[in-house]
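Reading the structure
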Amino acid sequence: GAVVSQHPSWVICKSGTSVKIECRSLDFQATTMFWYRQFPKQSLMLMATSNEGSKATYEQGVEKDKFLINHASLTLSTLTVTSAHPEDSSFYICSARDSSGDRGPEQYFGPGTRLTVT
Amino acid sequence: KNQVEQSPQSLIILEGKNCTLQCNYTVSPFSNLRWYKQDTGRGPVSLTIMTFSENTKSNGRYTATLDADTKQSSLHITASQLSDSASYICVVMNSGGSNYKLTFGKGTLLTVNP
């Protein structure tokens, strides 16, 4: 199956600093990528939809100025958590859509990034 | 409102035993239903994907069923192994074309003990 990578796999940062997480589709081009957040024992919650070459679409309640998304190429999307606070500590998972298949769009998930803000 | 409900919330079984996880959904319009396995601290990995016309699909020791009339699905795990310990998430895709949405269940946390 298709592969989606994330970097870093885990990161610890101090409160007030910014952290960038990268998401790459390794063997297909993804015009659309998705960013999710998952708290312990909770389901994945969609934060935003990232479209290559255009602005991201944020879900209700997600601050676009705090969670900056850049989808500058067909294989890379980045999520920057600005001025991070301890409550931003979570598991961030990206997903990339592969629209090239015969059975319609397929969505592949990355391995996730564990963010801890101290 | 589109929703996916899973039961049980958690389950503990002994190695070698079988188990069945349940998923009820109210997503409309329906496109497909997916079961994912998520190991702790990892991203979800797809196990099965079923469309409206598919009643059952297997992937090794995993067998998923779908009843589109009652909007229910199940995931049956046969001869469980310690490595099956994970969260199993039911996800339903609506048929919104290029603007499709995935609705996630909260998952069933399965623990397989020796």
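In what follows, the structure referred to is the one given above.
Model, not experiment: these values are computed from the prediction. (Residues numbered from 1 in each chain as written. Chains lettered and ligands numbered in written order. Predicted model: local features only at pLDDT ≥ 70, side-chain atom pairs only at ≥ 80, totals over all residues. Heavy atoms only, no water.)

Strand pairing in a sheet is mediated by backbone hydrogen bonds. Such pairs are either parallel or antiparallel. Residue and element names in this part refer to chain A. Read from one edge of the open sheet, 4 strands run 1-3-8-7, paired in antiparallel fashion. A strand with exactly one partner marks an edge of an open sheet, and here the two such strands are strand 1 (4-7) and strand 7 (67-73). Going from strand to strand, the sheet's axes swing by 15° on average, the running direction of each strand aside. As paired elements, strand 1 and strand 3 (residues 19-25) share 4 bridges and run antiparallel to each other. The residue bridging Ser5 from the neighbouring strand is Arg24, located in strand 3. (Pairing = 2+ DSSP bridges. Helix = DSSP H or I, 4+ residues; strand = E, 2+ residues; numbered from the N terminus. Axes fitted to C-alpha atoms, helices over the stretch in contact; angles between N-to-C directions.)

Looking now at the interface of chain A and chain B. Residue-level contacts link 19 residues of chain A with 20 residues of chain B. Carbon and sulfur atoms supply 49% of the area that chain A and chain B bury against each other, a total of about 1500 Å² over both sides. Counting across the chain A and chain B interface gives 2 salt bridges. Here Glu106 of chain A ties to Arg34 of chain B by a salt bridge, and the two come within 2.8 Å at their closest N and O atoms. Counting the contacts that link chain A with chain B gives 5 residue pairs in polar contact (both at pLDDT 80 or more). Elements that contribute at least two residues to the side of chain A that touches chain B include exactly strand 4 (32-38), strand 9 (90-98) and strand 10 (106-109) of chain A. Within the side of chain A that touches chain B, the residues separate by chemical class into 9 nonpolar, 6 polar and 4 charged. (Contact = heavy atoms within 4.5 Å. Buried area = accessible area lost by both parts, 1.4 Å probe. Salt bridge = Lys/Arg side-chain N within 4 Å of Asp/Glu carboxyl O. Polar contact = N/O pair within 3.5 Å; in protein donor to acceptor, adjacent residues only side chain to side chain. Nonpolar A, V, L, I, M, F, W, Y, C, P; charged D, E, K, R; others polar.)

Residues and elements named next belong to chain A. Per the stated rule, a full pass over the model turns up 8 aromatic pairs over all chains. Aromatic side chains Tyr36 and Phe109 sit 5.7 Å apart centroid to centroid with 45° between the ring planes, which places their arrangement in the tilted category. You can see Tyr36 sitting in strand 4 and its partner Phe109 sitting in strand 10, a full 73 residues away along the chain. Here Tyr36 and Phe109 have matching classes, each one buried. (Phe/Tyr/Trp six-rings, centres within 6.5 Å; stacked < 30°, edge-to-face > 60°. Buried < 20%, exposed > 50% of the residue type's maximum accessible area, 1.4 Å probe, protein only.)

Another point: the environment of Leu68 of chain A. All names here are of chain A. Examined against the element boundaries, Leu68 turns out to sit in strand 7. Between the alpha carbons of Leu68 and Thr78 there is a distance of 7.9 Å; along the sequence they are 10 residues apart. Ignoring any residue separated from it by four or fewer positions in sequence, one finds Leu68 in contact with Tyr58, Thr78, Leu79, Thr80 and Thr82.

Let us now look at the side chain of His71 of chain A. All names here are of chain A. Take His71: it is sitting in strand 7. Polar contacts involving the side chain of His71 include one to the main-chain amide nitrogen of Glu52, which spans 3.3 Å. Ignoring any residue separated from it by four or fewer positions in sequence, one finds His71 in contact with Ala30, Thr31, Thr32, Met33, Ser50, Asn51, Glu52, Gly53, Leu76 and Ser77.

Side-chain pairs of opposite charge can arise whenever the charged atoms involved come near each other. Within the structure shown, the criterion is met by 6 salt bridges over all chains. Its salt-bridge partner being Lys101 of chain B, residue Glu59 of chain A comes within 3.1 Å of it at the nearest N-O pair. Of the two residues, Glu59 of chain A is situated in the loop between strand 6 (57-58) and strand 7 and Lys101 of chain B in the loop between strand 9 (86-94) and strand 10 (102-104); the pairing between them involves two chains. Take Glu59 of chain A: its relative accessible area is 23%, and that puts it in the partly exposed class.

Counted according to the given criterion, the structure contains 2 disulfides over all chains. Disulfide pairing places Cys23 of chain B opposite Cys90 of chain B at an S-S distance of 2.0 Å. Between Cys23 of chain B and Cys90 of chain B the sulfur-sulfur dihedral comes to about -65°; the bridge is accordingly left-handed. Placement of the pair is Cys23 of chain B in strand 3 (residues 19-25) and Cys90 of chain B in strand 9, with a sequence separation of 67 residues. With respect to burial, Cys23 of chain B and Cys90 of chain B carry one shared label: buried. Not engaged in a disulfide, the cysteine Cys13 of chain A finds its nearest cysteine sulfur in Cys94 of chain A; these two sulfurs lie 18 Å apart. A relative accessible area of 8% means that Cys13 of chain A is categorised as buried. (Disulfide = S-S within 2.5 Å.)

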